[in-house]
Every structure is written in C-alpha cells, then in structure tokens.
Amino acid sequence: MQQSINQPGTQSLDPWDANSRQYDTIIIGSGPGGYATALRTAELGGRVALVEQDPVVGGVCLNRGCIPTKALLTATQVLEQADLGAAMGINVKSADIDYRKLQDYQDRMVDAMTGGLSSLLKQRGITVVHGHGTIVGDGLVEVTDADGNQTRLTTCDTILATGSHARALEELPFDDLVIDTDRALTFKPFPRRALIIGSGAVALEFATIWNQAGCQVTLMVRRDRVLSHWGRRTGQILTRELERQGIRIITHARCSGGHRLPADGGIQVDYQPTDDKGQAGTIETDLVLVAIGRDPNTDPRHMKELGIDLDEHGQVLTDSQGRTSRDRVWALGDITPGHHLAHRAFQQGITLADAASGLDPEPVNEATIPRVVFSSPQAAAVGFSRQEAEDDPSLNQVKETIYPMMSNSRMRMSGMQGTLSLITACQATDMEKQIVVGLEMVSPQASENIAEAQQLVGNQIPLHRAAGLIHPHPTFSEAIGEALLKADGRPLNMR
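Please read all numbers here as calculations on a predicted model, not as lab measurements. (Residues numbered from 1 in each chain as written. Predicted model: local features only at pLDDT ≥ 70, side-chain atom pairs only at ≥ 80, totals over all residues. Heavy atoms only, no water.)

**What about the overall build of the chain?**
Summing up its helical and strand segments, the chain has 14 helices and 22 strands in all. Across its three principal directions, the C-alpha atoms of the chain cover 70 × 70 × 45 Å. Counting the 495 residues in the chain, one finds 52% classified as buried. A sequence separation of at least 24 residues applies to 64% of the contacts in the chain between residues at least 6 apart. Surface exposure of the chain reaches about 22,400 Å², of which carbon and sulfur atoms provide 49%. (Helix = DSSP H or I, 4+ residues; strand = E, 2+ residues; numbered from the N terminus. Buried < 20%, exposed > 50% of the residue type's maximum accessible area, 1.4 Å probe, protein only. Contact = heavy atoms within 4.5 Å. Areas by Shrake-Rupley, 256 points an atom, 1.4 Å probe, with all protein chains shown as cover.)

This is how it looks when you write it as structure tokens:
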C-alpha cells in the first residue's frame, strides 16, 4: 500500500450527479483503514472502488506488518517456553530452526488473511482496481497500472488511505546491511548479531523475535528507557526485563554514522550521547534494523495544488470525522495525526464511511485507543498517563495506583517481571465521582487484558462500580480487579 499521490491533471466534472459517475466512493489504499471504509460504505449501499498499488490487498498491516510479525512472534515464543520449562524441571531437547518451514508458516498466515479479505470484498460487491491512484480533479481519480496503462474513474467522495513508509536515518542510510522492517520480515536465517535502533513497538517486537531465536540483540535508545513516551514505570520495568532476558540496551545514545567491516562483511556503527548521562562509542554487528518511526505517504506539493492542508510532519489535517480542507476528499490512517495503529484506522474507516454517507457518527476518541507492544512480556496502555491526566484541564484529583504484578499468581508462574499503573480522576463537571481514565501494564497477556480497561475508560465507569466487577481466579486479569479495589480504598490481597 505504500503509494504517494502524484501530480494532478486538469479535468473536472459534476461529481454530485449520480448518473454521470461510476462510483459513490473511491478509496486509495487497501490497508485496515481503506478496507474498513470500503466494507462499511458497501454495507450502507454505496458503489465502491478500492484502489491498491500492490498486487495483493491488505496494505502494510496484513502483508508486511501486524500479521507477519505476530506470526514470527508466535513461532519464536515456542523457544521461550522451552527455556521456561527447563526452570520448572521440564527439559526440552535443543531446538533448531528450519527457516524454510518458518517462512512457509509466516506466508500461510499472511495468505490466509489477505485471501479472506479479497473474498469478503468480492462478496460485498466492491471493485478492486490494482494500480497507483491519483486525484486529478473534482471527483476524478486516475489509476496507473504496472504496465503504465491509465484508467480514469469518477466518484462523489475520494478517501485517502495511502499509509506510511519506514523512516530512514540520515546518518546511516538503508542498504543491504541497514534495513527497514519490510526487509527484516524476509531476512532468513536470522542474523547472528543485530543492532536495532529505536525504542517503540516495532523495535521491541523484532528484538524479542531475534532474541528468542538466539540472536545477540542490542537496542539503541535515545532516552533512559524503552517506550519513552509511555509512563516512566512501564518503560523502566520493561527495560529491566528485556535486559534480564539478554538484550543489551544502550541508553542516552543516537547513531552518528557507520561503515562496513572488510573482514567479515559486518558493519561498525558509531554513536554519540544524547545528554550528559550518555557516552560515545562504537558497536560491531552483522545487521542494523532502523525502527525509528514511519512517515506518511503524501506529496506536499501535490497536496498544496489540491488544496489539502498538511501539518509540519506531512500528515493530512482533517476534522473529527475525516474531512480534509478540500470538498469531498477525506483522509484516515497513518497519513493523519494521532496513534498510527490498525485498530484506530478500522474505527476511522467506519466513522468516515458513515459521515460520507450522510450520517452523523461519533468521532473517534483518541483517548480510548489501546496501544499494544507484542514484546515478551507485552506492554499495553489505554487512556491517559498520570502526567497527561494532570495536564488535562478537564480532570481533577488525579491519582495513580500502582499494583505490584508479582502479587499475581499467574505473573509469578510466568517467570517474568511486570507492572500495572491505574489512573483515576474526577471530571471538572462532577467532582464527586472518580472514574478510570487510564491504565498501563506489562505482563505476558497485556494485549488480551487491555480491552477491559478500554471499556472502563471509554464508558467512563465510576471507580466504585468498576472495583465491584468480578475477575476469574487465577488469571492475569485479576491484577486489574485488584488494582481497582486498591484505588477504591479497599485493597484485598495487599496492604
């Protein structure tokens, strides 16, 4: 789905004349936001065309992101469980990785998801057009296929869902030894030594995959911990756990350059301190993965000619329902400001489709979007951190409740460290009622437990009611129940 929008032509028509156009909606990009918009629009009775540059629908998420990385994590976690078993007295024979079978497994998972999506689009009567989509006038989209053939499609509404691409390091450009995540997914066998530059979800997930498979992994982060934009305790606990598992973490450091090593074909990377707590140094490695974020697939010059406003990062500015500054042109997903997550794009797609169809849906609430890192252990968060809640003028009496996860029996059985931070507050309009406004946790099943916290935050459940909810025993989810009781002033299994 990595397709930017090129220069427009000069043709116009009346896109509001239903008899003169081919489609009610044309969507450029078939990732989560694009296909969610397509499915919902078709459900509402609209004639939909989905334009995708790649030969397979699904965008980065299904083809080169969420699905293949989680397939690899699922596979390498078998090795982690074998190590855990040894500590429990269950000795598993030394495991070897058959990389051909591993790649086949990864490909099967991707094919199953993209094939299922293709069938669903067909069932809903959605036209899929493969090629590079470009807005060339009011209600007019030009598609150029792989052979250079051009087709013009007419529409009432045009949705931009063109996604993003990996950000490069100016000091260490991409090549065969300095790679992005797309290349990392196809890199087999795994490297013997790897340096990962970055501290976010993608960096930590690849660090987990490679470390579980026996690779010597080093992380280079700019601050004192991983997940530096999350709560401090969450980042610190996860940093310590990753280091305990054998991942080396160089903190307070930034890459300043590098050069190839002639002897073994590896690479030497130089780094400088980001503050007075860091040190300069070098590291020799076989491969460098740069995971410092992603940039939107937008062309600022073209957007300006179309009259579509961008922010300073090249992201498309929209209203709360996805409208851009150009009439009947909408945008969603990674090209818009906010959390760049597949499930956010899903909800944006549903909201946008409803709005474009004449309904008045509730805007997507960024504060209720769960964030998940599929490392080992996992990290998950929703709502406000303590600092964010204290900075929000609509909230008062902000309180953070820390639950020690080692009090949870399942956490102890996992052999890992964890933490849980619960944020409660009163709204300025109701100073008598404490509600749950945020939660962060580190645990082996944080990704599965965060949905409960999202319901508490999104529905503004009063703390006293939330603390009365019953959690099954013994489970990781009990930790949320215990934290709620503690926040409500009636802790059960702790002081």
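**Comments concerning the packing of aromatic side chains**
Counted by the stated rule, this structure contains 3 aromatic pairs. On the numbers, 5.9 Å between centres and 50° between planes, the contact of Tyr35 with Phe346 is tilted. You can see Tyr35 sitting in helix α1 (residues 32-43) and its partner Phe346 sitting in helix α9 (residues 342-356), a full 311 residues away along the chain. For Tyr35, a relative accessible area of 13% gives the class buried. With 5.3 Å between their ring centres and 85° between their planes, Tyr99 and Phe190 make a pair best called edge-to-face. Residue Tyr99 is found in helix α4 (residues 99-123), and its partner Phe190 is found in the loop between α5 (181-186) and β9 (193-197); the two are separated by 91 residues along the sequence. (Phe/Tyr/Trp six-rings, centres within 6.5 Å; stacked < 30°, edge-to-face > 60°.)

**Structural notes on the side chain of Ser447**
Relative to the helices and strands, Ser447 resides in helix α12 (residues 446-458). When its relative accessible area of 17% is taken as the criterion, Ser447 is described as buried. Here Gln378 takes part through its side chain, which lies 2.7 Å from a polar atom of the side chain of Ser447. For Ser447, the contacting residues outside a window of four places in its chain are Val372, Phe374, Gln378 and Ala380. (Polar contact = N/O pair within 3.5 Å; in protein donor to acceptor, adjacent residues only side chain to side chain.)

**Observations regarding the sheet that holds strand β14 (residues 281-285)**
One open sheet holds the 3 strands; their spatial order is β12-β13-β14, and the pairing between them is antiparallel. Each edge of the sheet is formed by a strand with only one pairing partner; in this case those strands are β12 (253-260) and β14. With direction set aside, neighbouring strand axes in the sheet form an average angle of 25°. Across 5 bridges, the pairing between strand β13 (residues 267-273) and β14 is antiparallel. By the bridge assignment for β14, Asp270 is matched with Thr282. (Pairing = 2+ DSSP bridges. Axes fitted to C-alpha atoms, helices over the stretch in contact; angles between N-to-C directions.)

**Details of α12**
It helps to recall that an α-helix has 3.6 residues per turn; residues three or four apart then point in one direction. A rise of 1.5 Å per residue sets the reference length of α12, with its 13 residues, at 18 Å; its end C-alpha atoms lie 18 Å apart and thus fit the reference within 8%. The complete set of buried residues in α12 reads Ala446, Ser447, Asn449, Ile450, Ala453, Gln454, Leu456 and Val457. As for α12, its buried residues are in contact with β18 (371-373), β19 (378-383), β22 (430-443), α13 (463-466) and α14 (478-487). Just beyond α12, the residue with positive phi is Gln460, at close to 50°. (Expected span 1.5 Å × (residues − 1).)

**Some remarks on the nonpolar core**
In terms of nonpolar packing, the biggest core is built from 33 residues, with Ile196, Trp210, Leu219 and Val226 touching the most fellow members. Every element with two or more residues in this core is listed here: α3 (66-87), α5, β9, α6 (201-212), β10 (216-220), α7 (232-244), β15 (287-290) and β19. Of the residues forming this core, the biggest block, 6 residues, is contributed by α6. Residue contributions to this core reach at least three from each of two domains, namely domain 2 (167-292) and domain 3 (377-488). Setting aside chain neighbours within four positions, we find Leu219 in contact with Ile196, Gly198, Ala203, Leu204, Ala207, Val226, Leu242, Ile247, Arg248, Ile249 and Ile250. (Core = buried A, V, L, I, M, F, W, Y, C linked by side-chain atoms within 4.5 Å. Domains from an automatic or database assignment.)

**Brief notes about a nonpolar patch on the surface**
A cluster of nonpolar side chains, Met88, Ile90 and Val92, forms an exposed patch at the surface whose accessible area comes to about 320 Å². Looking at the element boundaries, Val92 is found in the loop between α3 and α4. (Patch = residues over 30% accessible without salt bridge, like charges linked within 9 Å, V, L, I, M, F, W, Y side chains within 5 Å. Salt bridge = Lys/Arg side-chain N within 4 Å of Asp/Glu carboxyl O.)

**What about the domain arrangement of the chain?**
According to the domain assignment, the chain consists of domain 1 (22-62 + 103-163 + 297-366), domain 2 (167-292) and domain 3 (377-488). Placing a centre on the C-alpha atoms of domain 2 and another on those of domain 3 gives a separation of 31 Å. The partner domain 3 presents 13 residues to the 11 residues of domain 2 that form the contact. Here domain 2 packs against domain 3, burying approximately 1,100 Å² in sum over the two surfaces, 59% of which is carbon and sulfur. Inspection of the region where domain 2 meets domain 3 yields 0 salt bridges. Scanning the region where domain 2 abuts domain 3 turns up 5 residue pairs in polar contact (both at pLDDT 80 or more). Across the side of domain 2 that touches domain 3, the residue classes break down as 4 nonpolar, 3 polar and 4 charged. (Buried area = accessible area lost by both parts, 1.4 Å probe. Nonpolar A, V, L, I, M, F, W, Y, C, P; charged D, E, K, R; others polar.)

**Some words on unusual backbone geometry**
The amide bond that connects Lys188 to the next residue, Pro189, takes the cis arrangement and shows omega of 0°. Within the secondary structure, Pro189 sits in the loop between α5 and β9. The step from His473 to Pro474 runs through a cis peptide bond, and the omega angle for that step is -5°. Mapped onto the secondary structure, Pro474 falls in the loop between α13 and α14.

**Observations concerning the UniProt feature "binding site: FAD" (unreviewed entry) in the chain**
The positions UniProt marks with the feature "binding site: FAD" (unreviewed entry) are Lys70, Gly133, Thr162, Gly163, Ser164 and Asp334. Across 265 residues of sequence, these annotated residues are also dispersed in space, with a maximum C-alpha separation of 29.7 Å. Counting through the fold element by element, Gly133 comes out in strand β4 (residues 132-137). Exposure remark for Gly133: the relative accessible area of 1% places this residue in the buried category. Inspection of the secondary structure assignment puts Ser164 in strand β7 (residues 164-166). (UniProt positions renumbered as here; feature names shortened; annotations may be inferred.)

**Thoughts on the pairing of β9**
Taken across its 5 residues, β9 has 5 buried, putting it largely inside the fold. Burial along β9 is two-sided: the residues Arg193, Leu195 and Ile197 and Ala194 and Ile196 are all buried. In this structure, β9 lies alongside β10, joined through 5 bridges in parallel fashion. Paired with Ala194 across the strands is Val217, a residue of β10. On the question of chirality, the crossover connecting β9 to the parallel β10 by way of α6 is right-handed. As defined by bridge partners, β9 adjoins β15 across 4 bridges and the pair is classed as parallel. Considered in β15, the bridge of Ile197 is made with Val290. (Right-handed = clockwise from strand over helix to strand, strands pointing away.)

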